[in-house]
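Structural characterization, general
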Amino acid sequence: MSPRRIGRRFATLVAGAATVLSLGLANPAPAAAEAVNATVCYTTSQAGPYAGVADQAAQIWNNYTNNLTMSKCGSNLSIRYTTGGGSYAVRRSLGNGYVVIDTIQAQQYSVLRIMTHEIGHILGLPDNYNGQCHLLMSGGSAGTGCTNPYPYSTEAAQVDRNFGGFGADGTQVFRDSWPALAAIG
């Protein structure tokens, strides 16, 4: 093929690519309102007696958000348990990290609320110590009588924004969401 013919074909390809891009046909960026449908894979292999509670909490987040699916398909999020030291979450990046449920706190507070709250940290939500039971991220500040495991609409909307590409990221450790009470004998 002659250099002139190669040049014409190249020019035709460049013009065609420019047309496709100007029409928005080549890999358009998702709009802010468009669902991203990110999947956070979790594992309960170290959750012991709290595996079923983790599944319930994942289902709650699935029901309350649009841009997120939590699925028991891997280890982006590991659910663990311990005795003593408090329940907490360590987020390495958005949707990645681990949650630790303290068996002592699980006897004092609603374990489903603790689990859903701590997963909320992995999904990019901070603590909110205002004592209001309707806010999931108020954690233990709402008292032992608060059993609400559901995110408030603004909390769920923030998770949707986070997984739509507009939210928190980076390593954070969330401790002391659940005030220690006297040991149960």
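A brief report on the enclosed structure follows.

Attention shifts here to the environment of Val-90. Assignment of secondary structure puts Val-90 in strand β4 (residues 88-93). Linking Val-90 and Glu-118, residues 28 residues apart in sequence, is a C-alpha distance of 8.9 Å.

Here we come to the pattern of salt bridges. Pairs may arise between side chains of opposite charge once their charged atoms sit close together. Overall, the coordinates contain one salt bridge when judged by the stated rule. One salt bridge connects Asp-55 with Lys-72, and the closest N-O pair in it is separated by 3.2 Å. Residue Asp-55 is found in helix α2 (residues 51-64), and its partner Lys-72 is found in the loop between β2 (68-71) and β3 (77-82); the two are separated by 17 residues along the sequence. Overall, the relative accessible area of 46% leaves Lys-72 in the partly exposed class.

Further remarks concern the nonpolar core. Grouped together as the largest cluster of nonpolar side chains are 32 residues, with contacts concentrated most on Trp-61, Met-70, Leu-77, Val-99, Met-115, Ile-119 and Leu-123. Elements with a minimum of two residues in this core: β1 (38-46), α2, β2, β3, β5 (96-102), α4 (111-122) and α5 (153-166). In terms of residues, this core owes the most to one element, α2, which gives seven residues. For Ile-119, the residues in contact, after removing those within four places along its chain, are Ala-57, Trp-61, Met-70, Leu-77, Ile-79 and Val-99.

So, about α4. The first and last C-alpha atoms of α4 sit 17 Å apart over twelve residues, in line with the 16 Å expected at 1.5 Å per residue. The complete set of buried residues in α4 reads Leu-112, Arg-113, Ile-114, Met-115, Thr-116, His-117, Glu-118, Ile-119, Gly-120, His-121 and Ile-122.

Moving on: the packing of aromatic side chains. According to the stated counting rule, one finds three aromatic pairs in the structure shown. An angle of 65° between the planes, with centres 6.1 Å apart, marks the rings of Tyr-50 and Tyr-81 as edge-to-face. Residue Tyr-50 is found in the loop between β1 and α2, and its partner Tyr-81 is found in strand β3; the two are separated by 31 residues along the sequence. Classification of Tyr-50 by relative accessible area gives buried; the value is 10%. Classification of Tyr-81 by relative accessible area gives partly exposed; the value is 42%. Here the guanidinium or amino end of Arg-80 rests over the ring plane of Tyr-98, the centre of that ring lying 4.0 Å away.

What follows concerns the side chain of Thr-65. For Thr-65, the position within the fold is in the loop between α2 and β2. Accessibility expressed as a relative area gives 6% for Thr-65, which makes it buried. Of note is the side chain of Thr-65, whose polar atom sits 2.6 Å from the backbone oxygen of Trp-61. In this structure Thr-65 touches Ala-156, Val-159 and Asp-160, once residues within four positions along its chain are discounted.

In this section: the pairing of β4. Direction of pairing for β4 relative to β5: antiparallel, over a ladder of five bridges. Bridge pairing in β5 places Arg-91 opposite Gly-97. Following β4, the chain reverses through two residues before pairing antiparallel with β5; Gly-95 in that reversal takes a positive phi of roughly 85°.

Rules behind the numbers
- Note on numbering: residues in each chain are counted from 1, in written sequence order.
- Given that the model is predicted, a residue must reach a pLDDT of at least 70 before its local features are reported, and side-chain atom pairs must reach 80 or more before they are shown or counted; all residues, however, enter totals for whole chains, interfaces and linings.
- Side-chain metrics rest on all non-hydrogen atoms present in the structure, leaving aside hydrogens and water.
- Put simply, DSSP H or I for four residues or longer makes a helix, DSSP E for two residues or longer makes a strand, and each gets a number counted from the N terminus.
- Take a side-chain nitrogen of Lys or Arg and a carboxyl oxygen of Asp or Glu: if they are within 4 Å of each other, that pair is a salt bridge.
- To sort residues, take the accessible area from a 1.4 Å probe on protein chains only and compare it with the maximum for the residue type: under 20% means buried, over 50% means exposed, and anything in between is partly exposed.
- We call a set of buried residues a nonpolar core when its members are Ala, Val, Leu, Ile, Met, Phe, Trp, Tyr or Cys and they connect through side-chain atoms within 4.5 Å of each other.
- Whether two residues touch is decided by their heavy atoms; if any such pair falls within 4.5 Å, the residues are in contact.
- One fewer than the residue count of a helix, multiplied by 1.5 Å, yields its expected span.
- Stacked, edge-to-face and tilted labels apply to pairs of Phe, Tyr and Trp rings (six-membered ring for Trp) whose centres lie within 6.5 Å, assigned for plane angles under 30 degrees, over 60, and everything in between, in that order.
- Lysine NZ or arginine CZ positioned within 6 Å of the ring centre and within 35 degrees of the ring normal marks a charge as sitting over the ring.
- Whenever a nitrogen or oxygen atom comes within 3.5 Å of another N or O atom, the pair is scored as a polar contact, on the condition that within protein one atom can donate a hydrogen and the other can accept it, and that pairs from neighbouring residues in sequence are kept only if both atoms are in side chains.
- Should DSSP find at least two bridges between two strands, the strands are taken to pair.

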